[in-house]
Amino acid sequence: MTAPDVNASAGAASIPDYTKLREYLITTVTQDLGGVDLSLEKRKAVIEERLKEALARTKLTLSDSIRDHLIRDLIDEITGYGPIQSLLDDPSVTEIMVNGPKKVYIEKKGLLERTNIVFDDNLHILKIIDRIVAPLGRHIDADSPMVDARLPDGSRVNAIVPPCAVDGASLTIRKFQKEKIKFAQLIESNSLTQGMADFLRACVLGRLNIIISGGTGSGKTTFLNVLSGFIPETERIVTIEDAAELQLQQDHVVRLETKLASVEGQGAVSVRELVRNSLRMRPDRIIVGECRGGEALDMLQAMNTGHDGSLTTIHANSPRDALSRLETLVLMAGMDLPLKIVRQQISSAIDVVVQMSRLRDGARKITAISEVAGMEGDVVVLSDIFKFNQTGVDAEGKILGQHKATGIRPLFGPRLEAAGFKLGADIFGATAADMAMAHQRR
């Protein structure tokens, strides 16, 4: 569905008693429909026809654009998610943020913009939130003012209402990407280079343990999806998520999802419990959508006890921050481990940290690929293999820069070679002169 026509929207809203007209038409049409069982498309067609008939009976003189806008608005209200349905239908919109009835923002190409879309009032937002969460057996009210949910297409939903939301109910929807992104698209958009892609492919096939680090909205889950595409079809994969988003294409995949407690506070199943259970499921690979609690310890132990090639994401702004956050999460497991032991667990379990970043111009890039190169004293050693170097900003505000190999070859190179992946020295930044000199030494 196309974006709303601003003029038509304004014209419709200027109709006297517009809200009462909408209520009358919605009541009339939904009563007429009764218990008719139709597919969504047929239901929309029937509703459109009956709305036209009901409008004709009102004897109102409306322009074609205002009439069409009003009918579209009411169809969305009856069959979809009201004012935000057009945004959900727009593939260029990646996130929808409702900050009260009169402020609706969207994200497009990584940048935020305000829309002309409004809700009638706070109750209207609550009605749409209830329409989202009720089919899932969830509820939201003043006593339980926060809820996480998922739309039928997989989009993530967070809602928070008064008294916690001071200026009115807030609704945030991270839209589910229907098309699976491939490495070729990321290379074309300069998110990484072909050499970086070849390196990461070898790391996945060579069964290295990889953490994808980044801030909110930096593209961690999307990249985890892409990276998982290199896992061979012959392996058994167990995925563990708070809300199932991963789109693995392999045939042998077991998808696990957490469960919230019931109204009585019983029956919750956490990520940590699912990680522990997954170890009894004979997985070749374990993929945890995001580590953000004590499950980090169980994940590290799994990586250290034969479950090589595991993948996960973590919220952090740099590879070093990712390891520090991982320390904190392991300590949250309540095992009271000495910090040096925790760091030894991390250094022996994690092989690679991939840093994702959303830049000021909205572009999402891999800004570093780093090797966890063991311990020096009490400190985990990190070596950057690739880095994005920003060189400036052009006249349109677009970030300028390029990805470069640092010239450091990873210590796990022999592991990759043993798995059949001999990467050329040029991938790691060696010049023609360097390679000629190395050949002469042989």
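Residues numbered from 1 in each chain as written. Predicted model: local features only at pLDDT ≥ 70, side-chain atom pairs only at ≥ 80, totals over all residues. Heavy atoms only, no water.

Next up on the list: the overall build of the protein. Scanning the protein from N- to C-terminus turns up 15 helices and 15 strands. In the protein, which comprises 442 residues, the share counted as buried stands at 46%. When the accessible area of the protein is evaluated, it comes to approximately 22200 Å², of which 51% is carbon and sulfur surface. Side chains of the protein give 54 positive and 58 negative charges; the mean places of these two sets differ by 3 Å. (Helix = DSSP H or I, 4+ residues; strand = E, 2+ residues; numbered from the N terminus. Buried < 20%, exposed > 50% of the residue type's maximum accessible area, 1.4 Å probe, protein only. Areas by Shrake-Rupley, 256 points an atom, 1.4 Å probe, with all protein chains shown as cover. Lys, Arg positive; Asp, Glu negative; His and termini not counted. Charge placed at Lys NZ, Arg CZ, Asp CG, Glu CD.)

Interaxial distance between helix α12 (residues 319–331) and helix α13 (residues 339–349) falls to 10 Å at its minimum, and their mutual angle equals 120°. By the angle class used here, α12 and α13 are oblique. Of the two possible hands of crossing, α12 and α13 adopt the one that is right-handed. Seen from α12, the contacting residues are Leu 323, Leu 326, Glu 327, Val 330 and Leu 331; seen from α13, they are Leu 339, Val 342, Arg 343 and Ile 346. (Axes fitted to C-alpha atoms, helices over the stretch in contact; angles between N-to-C directions. Parallel < 35°, antiparallel > 145°, perpendicular 65-115°, else oblique. Left-handed = near helix turned anticlockwise from the far one by under 90°. Contact = heavy atoms within 4.5 Å.)

Let's shift gears to the nonpolar core. Formed by 37 residues in total, the largest nonpolar core has its most connected members in Phe 199, Leu 200, Phe 223, Leu 227, Val 354, Ile 366 and Ile 369. Broken down by secondary-structure element, the contributors of at least two residues to this core are α7 (183–188), α8 (194–205), β7 (210–214), α9 (220–228), β12 (352–358), β13 (364–376) and β14 (379–393). Residue contributions to this core peak at seven residues, all from α8. Those residues in contact with Phe 223 that sit more than four places away from it in its chain are Phe 183, Leu 186, Leu 200, Ile 212, Val 354, Met 356 and Ile 366. Counting 33 residues, the second largest nonpolar core, distinct from the first, contains Ile 211, Ala 296, Leu 326 and Val 330. (Core = buried A, V, L, I, M, F, W, Y, C linked by side-chain atoms within 4.5 Å.)

Attention shifts here to the packing of aromatic side chains. The final tally for this structure, using the stated rule, is six aromatic pairs. A ring pair is formed by Phe 183 and Phe 230, whose centres lie 5.0 Å apart and whose planes are at 15°; its orientation type is stacked. With Phe 183 in helix α7 and Phe 230 in the loop between α9 and β8 (237–241), this residue pair connects regions lying 47 residues apart in the sequence. An aromatic cluster of at least three residues, connected via ring pairs, comprises Phe 199, Phe 386, Phe 412 and Phe 428. (Phe/Tyr/Trp six-rings, centres within 6.5 Å; stacked < 30°, edge-to-face > 60°.)

To continue, consider the sheet that holds strand β4 (residues 146–150). Spatially, six strands are ordered β3-β2-β1-β6-β5-β4 in an open sheet, and the strand pairing comes out antiparallel. Looking at the sheet topology across the chains shown, the edges are occupied by β3 (111–114) and β4. Strand-to-strand twist in this sheet, taken as the mean axis angle between neighbours without regard to direction, amounts to 15°. Pairing between strand β2 (residues 104–108) and β3: four bridges, direction antiparallel. Bridge pairing links Ile 106 to Glu 113 in β3. (Pairing = 2+ DSSP bridges.)

All right, on to the packing of helix α3 (residues 40–58) against helix α4 (residues 64–79) then. α4 packs onto α3 with a crossing angle of 130° between their chain directions and a minimal axis gap of 10 Å. One way to sum up the angle between α3 and α4 is to call them oblique. Between α3 and α4 the crossing geometry is right-handed. Residues Leu 40, Arg 43, Lys 44, Ile 47, Glu 48, Leu 51, Lys 52 and Leu 55 of α3 touch α4, and the partners they reach there are Arg 67, Leu 70, Ile 71, Leu 74, Ile 75, Ile 78 and Thr 79. Its residues assigned to classes, the contact of α3 with α4 shows nine nonpolar, one polar and five charged. (Nonpolar A, V, L, I, M, F, W, Y, C, P; charged D, E, K, R; others polar.)

Bringing unusual backbone geometry into the picture now. Excluding glycine, residues mostly carry a negative phi; peptide bonds, for their part, are mostly trans. Cis geometry is found at the peptide bond from Pro 162 to Pro 163, where omega equals 10°. Among the secondary structure elements, Pro 163 is positioned in the loop between β5 (156–160) and β6 (170–174).

Quick look at α8 now. Compared with an ideal rise of 1.5 Å per residue, which puts 12 residues at 16 Å, α8 spans 16 Å between its outermost C-alpha atoms and is within 8% of the ideal. Among the residues of α8, Met 196, Ala 197, Phe 199, Leu 200, Ala 202, Cys 203 and Val 204 are the ones counted as buried. The positive-phi residue at the C-terminal boundary of α8 is Arg 207, with phi of around 65°. (Expected span 1.5 Å × (residues − 1).)

This brings us to the confidence of the model for the protein. Per-residue confidence for the protein averages 85 on the pLDDT scale, and 91% of its residues sit at or above 70. Within the model, pLDDT remains below 50 along residues 431–442, and this stretch shows three contacts once partners closer than five positions in the same chain are excluded. (pLDDT = per-residue confidence, 0-100.)

So, on to the side chain of Ser 155. When you line up the elements, Ser 155 lands in the loop between β4 and β5. Excluding its chain neighbours within four sequence positions, the residues that come into contact with Ser 155 are Ala 149, Arg 150, Ile 173, Arg 174, Lys 175 and Phe 176.

Another aspect to go through is the sheet that holds strand β10 (residues 285–288). Read from one edge of the open sheet, nine strands run β9-β8-β10-β11-β7-β12-β13-β14-β15, paired in mixed fashion. Edge positions in the sheet fall to β9 (253–257) and β15 (399–405), since each has one partner strand and no second. For this sheet the average axis-to-axis angle between neighbouring strands, irrespective of direction, equals 25°. Examined bridge by bridge, β10 and strand β11 (residues 311–315) share two bridges and lie parallel to one another. Across the sheet, residue Val 288 finds its bridge partner in β11, namely Thr 312. Helix-sheet contacts for α8 involve β7, β10, β12, β13, β14 and β15, and the interaxial angle to β13 is about 50°. Where α13 meets the sheet, its contacts fall on β13 and β14, and the angle it forms with β13 comes to roughly 120°.

Take the side chain of Ser 218 next. Within the secondary structure, Ser 218 sits in the loop between β7 and α9. Note on Ser 218: relative accessible area 2%, which makes it buried. Reaching out from Ser 218, the side chain makes a polar contact with the backbone oxygen of Gly 215 at a distance of 2.7 Å. Discounting residues that sit within four places of it in the chain, Ser 218 has contacts with Met 356, Ser 357, Arg 358 and Arg 364. (Polar contact = N/O pair within 3.5 Å; in protein donor to acceptor, adjacent residues only side chain to side chain.)

Along β12, six of the seven residues are buried, which leaves the element largely enclosed by surrounding structure. Pairing geometry for β7 and β12, over five bridges, is parallel. Counterpart to Gly 214 in the pairing with β12 is Met 356. For β12 and β13, the ladder comprises seven bridges, and the chain directions are antiparallel.

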